[in-house]
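# Fold and contact review
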Amino acid sequence: MLSDADLLHTPLEDLTALARAVRDDAHGRRITFSPKVFIPLTMLCRDRCGYCTFAKAPARVTAPYLLPEEVLAIAEAGKAAGCHEALFTLGEQPEERYPVAREWLATHGYASTVDYLAAVCRLVLEETGLLPHANAGALDVRDLAALRPVAASQGMMLESLAEGLAAHRGAPDKLPARRLATLEFAGELAIPFTTGILVGIGDTRSDQLAALHAIAAAHARHGHVQEVIVQNFLPKAGTTMFRAAPCPPEDLQWAIAAARLVLPPEIHVQAPPNLSDDLAPLLHAGIDDWGGVSPVTADHVNPERAWPALDLLRAATEAAGHTLAPRLTVYPTYALDPERWLDPALRFPVLDVSDAEGLGRDTSWCSGGEEPPPPLLDAPEAARTVTGGGAVTGGGAVAEVLAGVALGQEVGEAEIVTLFSARGPEVRLVAEVADDLRRTIAGDDVTFVRNRNINYTNVCTFKCRFCAFSKGPLSLNLRGAPYLLELDEITRRVVEAVDEGATEVCLQGGIHPNFDGDYYLHVLEAVRAGSTDIHIHGFTALEVTEGARRSEVPLAEYLTRLKEAGLKTLPGTAAEILDDEVRALICPDKINTEEWLEAHRTAHGVGLRSNITIMFGSVEQPVSWARHMVRTRDLQRETGGFTEFVPLPFVHMATPIYLQKKARRGPTFRETVLMHAVARIAYAGDIDNIQVSWVKMGAAGARQLLRAGANDLGGTLMDENISRAAGAQHGQRMGVEELEAIVAPLGRPLVQRSTLYALAGA
């Protein structure tokens with residue numbers, strides 16, 4: 001760590017190089033921003049700062065405070081534009097200075113400005129789902145605590161600890177001791193907090209270092225400082241400092257670099273993008289965040305400085321070799337540790353707009369929904385070069401992993417997690433590498449199987465919290481009536497499927513309390529009564545494990561009986577996430593990871609093939625996806641029994657865990673693209689087929705995934721019920737003509753296959 005003397009005397013270029021190294025080591029190549037709306041609740045303020053045009057006298061405002069309906073209208077416009085945050089900006093304690101403010105608050109039933117702020121924060125949170133950020137200035141512990149249940153984060157600029165600044169004359173709330181007390185109170189209350197310094201208002205670089213050290217010390221005690229804003233002073237007409245010189249760019253760059261080097265690496269450093277004409281030097285100096293950027297509202301503190309359009313911000317970020325990612329008002333460290341950092345009332349609102357990394361969802365697309373996916377793979381070409389030797393060049397951890405893939409290196413857990421972090425051009429880069437592998441391994445054919453689902457019962461004794469299909473004693477009046485198909489009906493459905501050209505029947509159902517181990521044998525007999533030739537693909541690892549237990553025989557013996565009765569392959573469902581920390585949350589009474597692996601190991605040992613599924617996007621993070629892939633890849637190398645990998649995005653709409661407000665709303669489309677692409681990379685040489693679930697993705701989504709390493713569209717799926725029960729809108733079946741419509745724009749042939757991937761006519 002550099003001393004203050006070193007920081008003051010090191011040449012700027014050397015200092016920024018050190019800052020960039022710290023930034024890149026702590027935060028990689030990702031630069032974040034918060035899509036937000038700014039809500040100027042009141043422009044009245046008891047302080048008279050020499051640089052401020054936000055604060056106004058009562059005669060210069062139409063009303064002392066925005067009305068609740070005005071607040072809500074701004075928030076709703078932000079939600080419609082894809083924002084996640086509602087930033088409340090307001091003057092500090094105007095009721096202490098202006099009778100009109102006191103009278104307005106009393107008339108409307110509020111004890112103080114903070115009391116009213118808490119009420120409208122709650123209104124916005126409940127009505128729009130936007131996460132409030134309260135920037136109410138220097139508050140005491142009582143006011144901070146009152147805002148904590150309704151504001152996901154709070155903030156206050158420290159600005160400067162220099163005493164006697166002309167800029168702060170007449171501003172009692174800018175006393176350094178008062179600002180430091182607020183910072184300390186916020187830490188004691190475990191409030192994710194934003195603070196910062198204002199550069200160029202008359203203090204020295206030594207003063208700025210003192211402020212940064214004070215912030216670092218408070219964070220060391222409490223861990224609550226999530227970001228520090230380094231803001232440059234610009235003079236404004238109508239202020240006492242309108243003749244002062246603006247902060248020189250080199251002073252801003254020095255302050256950014258100093259902040260990055262003084263503060264703990266986990267604290268994020270931001271600079272407002274609308275206050276600088278050139279964004280590249282800010283990145284060069286070491287920022288990792290652009291702060292709040294609004295597609296709807298102006299920067300009410302600096303209204304003369306328009307926000308850069310998101311496309312321009314992205315272009316500037318990517319031109320510097322970084323990727324841009326939306327975040328929430330709380331950063332991932334805090335969003336992923338809600339028990340410590342979030343009031344219970346805010347935990348689900350934050351979860352509901354989070355992606356798997358704790359950042360903000362980048363679009364409103366959801367698996368199983370009707371909204372079309374964003375065209376992630378139709379954007380400009382990724383910044384990559386493939387040399388004649390196949391090496392991928394480019395900066396950042398994602399490019400480094402892909403360069404290793406091009407050299408034939410295996411990706412392990414850490415590398416898989418890195419690939420899942422891809423954003424922007426990196427996503428296209430991962431998809432292109434995956435699709436190159438697909439072309440080499442599986443060719444250009446897009447395969448499918450004609451099949452029929454038979455879900456023979458929806459009654460289940462297990463309590464999987466993600467499942468909207470099964471019915472137990474507590475859900476008999478929910479999601480349709482409980483049923484158990486008669487064996488004759490199973491036979492009839494098989495005959496009907498054969499008449500329509502199906503070559504496979506897929507059997508799955510709940511674990512009915514009345515089943516004995518022979519039930520599954522009777523189902524196989526019923527299928528065989530309808531067709532002696534149709535391929536029977538059925539019974540999850542849970543079903544066969546439970547069947548063996550109820551039959552009181554070893555699993556291998558039970559699976560052999562099923563095989564002799566006609567079973568050919570097992571589906572990979574019941575895998576969900578093969579990480580027991582996650583399974584404890586989503587299916588605590590189900591088989592664990594090792595039991596699932598052992599069921600498939602045993603099945604392979606008796607001559608049955610199976611596939612791998614993963615259900616992703618509910619509560620887990622990318623490390624669990626990586627563990628799932630590595631564990632199943634290890635088993636494939638042991639047995640060779642898996643035929644394909646099938647990603648199943650969590651469809652959230654009607655699931656118990658989502659309705660209980662304890663899960664995300666499924667994966668983002670970016671995460672879904674990466675799941676298919678990363679799987680192709682991770683399983684290369686071990687599993688040749690990556691399947692798309694059109695039921696969960698729809699036609700447009702499936703088409704993009706076929707450009708990201710996938711080669712199979714699964715089955716035509718007559719009578720698909722499980723995804724539909726969870727809220728999927730993409731139908732019960734897909735005809736061959738509809739599959740052809742998905743594939744035709746890609747210029748690739750659609751080819752019918754068998755369950756074991758023998759091509760029709762081969």
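Residues numbered from 1 in each chain as written. Predicted model: local features only at pLDDT ≥ 70, side-chain atom pairs only at ≥ 80, totals over all residues. Heavy atoms only, no water.

## A short note on the overall build of the protein
Threshold: Helix numbers and strand numbers start at the N terminus; a helix is a DSSP run of H or I with at least 4 residues, a strand a run of E with at least 2. We take the radius of gyration over the C-alpha atoms and set the globule estimate at 2.2 Å times the residue count to the 0.38 power. For every residue, the accessible area obtained with a 1.4 Å probe (protein chains only) is divided by the maximum for its type, and the residue is called buried under 20%, exposed over 50%, and partly exposed between those limits.
Counting secondary structure elements, the protein contains 29 helices and 20 strands. In terms of overall size, the protein behaves like a compact globule, its C-alpha atoms giving a radius of gyration of 29 Å where 762 residues would be expected to give roughly 27 Å. On the principal axes, the C-alpha backbone points of the protein span a range of 90 × 65 × 45 Å. Taken across its 762 residues, the protein has 59% of its residues classed as buried.

## Focus: the sheet that holds strand S20 (residues 750-752)
Short version of the rule: When DSSP finds two or more bridges between two strands, those strands count as paired. A fitted line through C-alpha atoms represents every axis, and for helices the fit uses only the stretch in contact; the resulting angles, taken between N-to-C directions, go from 0 to 180 degrees.
One open sheet accounts for 3 strands, arranged S19-S12-S20; its pairing is parallel. The open sheet has two free edges, formed respectively by strand S19 (712-715) and S20, since each of these has just one partner strand. Between one strand axis and the next, the sheet turns by 20° as a mean value, whatever way the strands run. With 2 bridges joining them, strand S12 (residues 446-449) and S19 adopt parallel strand pairing. Paired with Val449 across the strands is Gly715, a residue of S19.

## Quick notes on helix H24 (residues 622-639)
Given 3.6 residues to a turn, an α-helix orients residues that are three or four positions apart in the same direction. Test applied: Here the expected length of a helix is defined as 1.5 Å per residue gap, with one fewer gap than residues. A contact between two residues is defined here by any heavy atoms of the two lying within 4.5 Å.
With 18 residues, H24 extends 26 Å between its outermost C-alpha atoms, agreeing within 8% with the 26 Å of an ideal straight helix rising 1.5 Å per residue. Regarding H24, the residues found buried are Pro622, Ser624, Trp625, Ala626, His628, Met629, Val630, Thr632, Arg633, Leu635 and Gln636. Where H24 is buried, its residues meet helix H16 (413-420), helix H22 (580-586), helix H23 (593-605), strand S17 (609-616), strand S18 (642-649) and helix H26 (669-682). One or two positions beyond H24, positive phi appears at Gly640, with a value near 70°.

## Some thoughts on the packing of helix H27 (residues 694-705) against helix H29 (residues 736-743)
Geometry of a packed helix pair, given as the angle between the helix axes and the separation of the axes. Using the following cut-off: Oblique is the label for any angle not covered by the other classes, which are roughly parallel (under 35 degrees), roughly antiparallel (over 145) and roughly perpendicular (65 to 115). By the definition used in this description, the sense in which the near helix is turned from the far one sets the handedness, with an anticlockwise turn below a right angle giving left-handed and a clockwise turn giving right-handed. Amino acid classes used here: Ala, Val, Leu, Ile, Met, Phe, Trp, Tyr, Cys and Pro are nonpolar; Asp, Glu, Lys and Arg are charged; the rest, including Gly, are polar.
At their nearest, the axes of H27 and H29 sit 8 Å apart, and the two run at 45° to each other. Between H27 and H29, the angle falls in the class oblique. Crossing geometry of H27 relative to H29 is assigned as left-handed. Taking contact as the criterion, the partners of Trp694, Ala699, Ala702 and Arg703 in H27 are, on H29, Leu739, Ala741 and Ile742. For the contact of H27 with H29, the class distribution of residues is 6 nonpolar, no polar and 1 charged.

## Remarks on the pattern of salt bridges
Operational definition: Any Lys or Arg side-chain nitrogen found within 4 Å of a carboxyl oxygen on Asp or Glu counts as a salt bridge.
Inspection of every chain in the model, using the stated rule, returns 46 salt bridges. Here Arg327 makes a salt bridge to Asp289, at a shortest N to O gap of 2.7 Å. Pair noted here: Arg327 is in the loop between strand S9 (323-326) and helix H12 (332-335) and Asp289 is in strand S8 (residues 289-293), with a separation of 38 residues, a long-range link. Accessibility classification places Arg327 together with Asp289 in one group, the buried group. Among the charged side chains, a network of salt bridges with common partners joins Arg30, Asp355, Glu357, Arg423, Arg670 and Glu671.

## Overview of the confidence of the model for the protein
Just so we agree on the cut-off: A residue's pLDDT is the confidence the predictor assigns to it, expressed on a 0 to 100 scale.
For the protein, per-residue confidence averages 92 on the pLDDT scale, and 94% of positions sit at 70 or higher. Long-range and interchain partners of residues 381-393, a stretch whose pLDDT sits below 50, account for 26 contacts in this model, where long-range means more than four residues apart.

## Regarding the side chain of His84
Note the following rule: Each polar contact in these results corresponds to two N or O atoms within 3.5 Å; when the atoms are within protein, one needs to be able to donate a hydrogen and the other to accept it, and residues that are neighboring in sequence are counted only if both atoms are side-chain atoms.
Residue placement: His84 occurs in the loop between helix H3 (68-80) and strand S2 (85-90). Looking at His84, its side chain comes within polar contact range of the main-chain oxygen of Arg361, at 2.7 Å. When near neighbours in sequence (up to four residues on either side) are disregarded, His84 contacts Pro35, Leu130, Leu131, Arg327, Leu328, Val353, Gly360 and Arg361.

## Observations concerning the side chain of Thr643
Its place among the elements puts Thr643 in strand S18. Within the local environment of Thr643, its side chain forms a polar contact with the side chain of Glu644, the two groups lying 2.3 Å apart. Residues within four places of Thr643 in sequence aside, it is in contact with Arg609, Ser610, Asn611, Ile687, Asn689, Leu756 and Tyr757.

## Things to note about the pairing of S18
For the record, the criterion: Crossovers are described as right-handed under a simple rule: with the strands pointing away from the observer, the path leading from the first strand over the helix to the second runs clockwise.
Among the 8 residues of S18, 8 are classified as buried, and the element is accordingly described as predominantly covered. Chirality of the crossover, the property in question, places the unit of S17, H24 and S18 among those that are right-handed.

## Observations concerning unusual backbone geometry
Trans peptide bonds make up the majority, and among non-glycine residues the majority have a negative phi. One non-glycine residue, Glu576, lies in positive phi territory at about 50°. Structurally, Glu576 can be placed in the loop between strand S16 (567-570) and H22. Phi at Lys661 is positive, roughly 65°, even though this residue is not glycine.

## Digging into the nonpolar core
Put simply, the rule reads: Only buried residues count toward a nonpolar core. Its members are Ala, Val, Leu, Ile, Met, Phe, Trp, Tyr and Cys residues joined through side-chain atoms within 4.5 Å.
In this structure, Val430, Leu507, Phe539, Leu562 and Met629 are the most contacted members of the largest nonpolar core, which totals 112 residues. If one sorts the elements of this core by residue count, H26 sits on top with 9 residues. Contacts of Val430, omitting those with residues within four sequence positions, involve Val398, Leu402, Leu419, Ala422, Leu674, Ala677, Val678 and Ile681. Ranked by size, the runner-up nonpolar core spans 83 residues in total, among them Leu15, Val150, Ala257 and Ala258.

## A short note on helix H8 (residues 205-222)
If you check H8, its first and last C-alpha atoms are 26 Å apart, about what 18 residues at 1.5 Å a residue would give, namely 26 Å. Along H8, the residues that are buried comprise Gln208, Leu209, Ala211, Leu212, Ala214, Ile215, Ala216, Ala218, His219 and His222. Downstream of H8 by one or two residues, Gly223 has phi in the positive range, about 75°.

## Section: the sheet that holds S16
The strand order across the open sheet built from 6 strands is S13-S14-S15-S16-S17-S18, with neighbouring strands paired in parallel fashion. Two strands in the sheet have a free side with no partner beyond their single neighbour: strand S13 (451-454) and S18. The sheet shows a mean angle of 25° between the axes of neighbouring strands, direction not considered. In this structure, S16 lies alongside S17, joined through 2 bridges in parallel fashion. Note that in S17 the partner of Leu570 across the bridge is Ser610. Strands in contact with H23 are S16, S17 and S18; relative to S17, the strand with the most contacts, it is inclined by about 160°. This element, H24, spans S17 and S18 of the sheet and lies at about 175° to S17.

## Section: the packing of aromatic side chains
Short version of the rule: In this analysis, rings of Phe, Tyr and Trp, with Trp reduced to its six-membered ring, are considered paired at centre separations within 6.5 Å, and the interplanar angle assigns stacked below 30 degrees, edge-to-face beyond 60, and tilted for intermediate values. Think of it as a cone above the ring: NZ of Lys or CZ of Arg counts as a charge over the ring if it is within 6 Å of the ring centre and within 35 degrees of the ring normal.
For the structure shown, the criterion picks out 20 aromatic pairs. Centre to centre, the rings of Phe515 and Tyr519 are 3.7 Å apart; their planes meet at 10°, and the pair counts as stacked. Ring plane angle 45° and centroid distance 5.0 Å describe the contact between Phe645 and Tyr683, whose orientation is recorded as tilted. With Phe645 in strand S18 and Tyr683 in the loop between H26 and H27, the pair connects residues that are 38 residues apart, well separated along the chain. Neither Phe645 nor Tyr683 differs from the other in exposure class; each is buried. Members of the aromatic cluster, connected to one another through ring pairs, are Tyr456, Phe515, Tyr519, Tyr520 and Phe539. Positioned above the aromatic ring of Tyr757, the side-chain terminus of Arg753 is 4.0 Å from the ring centre.

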